[in-house]
Amino acid sequence: MELPTIAAPGVGERADAMADAACHLYDAVVLRGRDGPGGWSRGAAEDAAEAIETTAHALAHLGPHAGAVLGPVHTALAELRRRSGLAAADPLTADGVPATPRTVGNPRRTRWARALTPPRQPPSRTAP
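As the structure is a prediction and not an experimental result, all values here were calculated from the model. Numbering of residues starts from 1 in each chain and follows the order in which that chain's sequence is written. Note on the predicted model: pLDDT of at least 70 is required for a residue's local features to be given, and 80 or more for side-chain atom pairs to be given and counted; whole-chain, interface and lining totals, by contrast, use all residues. The basis for every side-chain value is the complete set of non-hydrogen atoms in the structure, without hydrogens or water.

### Here we look at the confidence of the model for the chain
Part 1 of the argument: You can read pLDDT as the predictor saying how much it trusts each residue, on a scale of 0 to 100. In the predicted model, the chain carries a mean pLDDT of 78, and the fraction of residues at 70 or more is 64%.
Part 2 of the argument: Numbering goes from the N terminus for both helices and strands, where a helix is a DSSP run of H or I of at least four residues and a strand is a run of E of at least two. Within the chain, the lowest mean pLDDT, 49, falls on helix H5 (residues 109–116), and the highest, 93, falls on helix H1 (residues 11–30).
Part 3 of the argument: By definition in these notes, contact holds between two residues if any of their heavy atoms fall within 4.5 Å. Taken together, the stretch residues 112–116 has pLDDT below 50 and engages in 5 contacts with residues farther than four places along the chain or on a different chain.

The following block contains the structure:
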């Protein structure tokens, strides 16, 4: 599939701003060092995960098979949320694709969930 050289109104500008914001986030985390949580808070981690999930939802409209190709992204983020004790994202189907796609009327769904639910405890680790 070959993509056009010009994006729909607002798409190019928003994608460019998102890429810049991701670079600034990376710089802020890396400047904190690699030995700790990198300055992350629960809210910041949920927001970053949700940004990736929402971007994957948008990229799913790239072509007929894009949603299935991006399924592992949603699966990986769901596991990251579970291991980090974050609120769960949208449920996935057996194919790893979100069962309920996001709508503009429901942005940042997990923000509401984290306000209403206590932090999840990560799975306990036992020494072998």
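### Considerations on the environment of Gly 39
Part 1 of the argument: With respect to the element layout, Gly 39 can be found in the loop between H1 and helix H2 (42–59).
Part 2 of the argument: Classification of Gly 39 by relative accessible area gives exposed; the value is 51%.
Part 3 of the argument: Residues Gly 39 and Val 29, spaced 10 residues apart in sequence, show a C-alpha to C-alpha distance of 6.5 Å. Only protein chains enter the accessibility calculation, which uses a 1.4 Å probe; a residue whose area is less than 20% of its type maximum is buried, one above 50% is exposed, and one in between is partly exposed.

### Considering a nonpolar patch on the surface
Part 1 of the argument: Nonpolar side chains collect at one region of the surface, where Met 1, Leu 3, Leu 59 and Leu 62 lie side by side and expose about 420 Å² of accessible area between them.
Part 2 of the argument: Along the chain, Met 1 falls in the segment before H1. Patch membership requires more than 30% relative accessible area and the absence of a salt bridge. Residues of like charge join within 9 Å; the nonpolar side chains Val, Leu, Ile, Met, Phe, Trp and Tyr join within 5 Å. In short, Shrake-Rupley with a 1.4 Å probe defines the accessible areas, and a residue's cover is counted only from the protein chains shown. Take a side-chain nitrogen of Lys or Arg and a carboxyl oxygen of Asp or Glu: if they are within 4 Å of each other, that pair is a salt bridge.

### Points about the pattern of salt bridges
Part 1 of the argument: Under the defined criterion, the tally for this structure stands at 4 salt bridges.
Part 2 of the argument: Linking Glu 53 and Arg 81 is a salt bridge whose minimum nitrogen-to-oxygen distance equals 2.8 Å. Here Arg 81 lies in helix H4 (residues 71–84) and Glu 53 lies in helix H2, a separation of 28 residues in the sequence. The pair Glu 53 / Arg 81 is uniform in exposure class, with both members buried.

### Some words on the environment of Ala 87
Part 1 of the argument: Structurally, Ala 87 is set in the loop between H4 and H5.
Part 2 of the argument: The buried category is assigned to Ala 87, whose relative accessible area is 5%.

### Digging into the layout of surface pockets
Part 1 of the argument: The volume enclosed by the largest pocket comes to roughly 940 Å³.
Part 2 of the argument: Using a 1 Å grid laid over the protein atoms alone, points where a 1.4 Å probe fits but cannot get out form a cavity; open sets with protein on both sides within 12 Å along at least 5 of 7 lines form a pocket; any residue with an atom within 4 Å of a point counts as lining. Considering the residues around the largest pocket, the lining is formed by 24 residues, among which Arg 14, Ala 15, Met 18, Thr 55 and Ala 58 are closest to the centre.
Part 3 of the argument: Only H1 and H2 provide two or more residues apiece to the lining of the largest pocket.
Part 4 of the argument: Charged means Asp, Glu, Lys or Arg here, nonpolar means Ala, Val, Leu, Ile, Met, Phe, Trp, Tyr, Cys or Pro, and polar covers whatever is left, Gly included. Each residue belonging to the lining of the largest pocket can be placed in one class, and the counts come to 18 nonpolar, 5 polar and 1 charged. Grid points are joined across faces, edges and corners, and a volume is the space filled by probe spheres set on the points.

### Thoughts on the packing of H2 against H4
Part 1 of the argument: Here H2 crosses H4 at 165°, and the two axes come no closer than 10 Å. Judged by the angle between their axes, H2 and H4 are roughly antiparallel. Along this stretch, H2 crosses H4, giving a crossing that reads as left-handed. Touching Glu 46, Ala 49, Glu 50, Ile 52, Glu 53, Ala 56 and His 57 of H2 are Val 73, His 74, Leu 77 and Arg 81, all from H4.
Part 2 of the argument: The residue inventory of the contact of H2 with H4, partitioned by class, reads 5 nonpolar, 2 polar and 4 charged. Angular values range over 0 to 180 degrees, each being the angle between N-to-C directions of two axes fitted as lines to C-alpha atoms, with helices fitted over their stretch in contact. Orientation labels follow simple angle bins: below 35 degrees gives roughly parallel, above 145 gives roughly antiparallel, 65 to 115 gives roughly perpendicular, and whatever is left gives oblique. Less than a right angle of anticlockwise turn of the near helix away from the far helix marks a crossing as left-handed, whereas a clockwise turn marks it as right-handed.

### Notes on H4
Part 1 of the argument: Across its 14 residues, H4 extends 20 Å between first and last C-alpha, which sits within 8% of the 20 Å expected from 1.5 Å per residue.
Part 2 of the argument: Those residues of H4 lying buried are Gly 71, His 74, Leu 77 and Arg 81. The buried residues of H4 all sit within an arc of 130° when viewed along its axis, so they share a single face. Exposed side chains of H4 directed beyond 90 degrees from the buried face belong to Pro 72 and Arg 83.
Part 3 of the argument: Positioned one or two residues after H4, Gly 85 has a phi angle of 75°, which is positive. By this rule the span expected of a helix is its residue count minus one, scaled by 1.5 Å. Note that the arc is computed from the directions linking the helix axis to the C-beta atoms.

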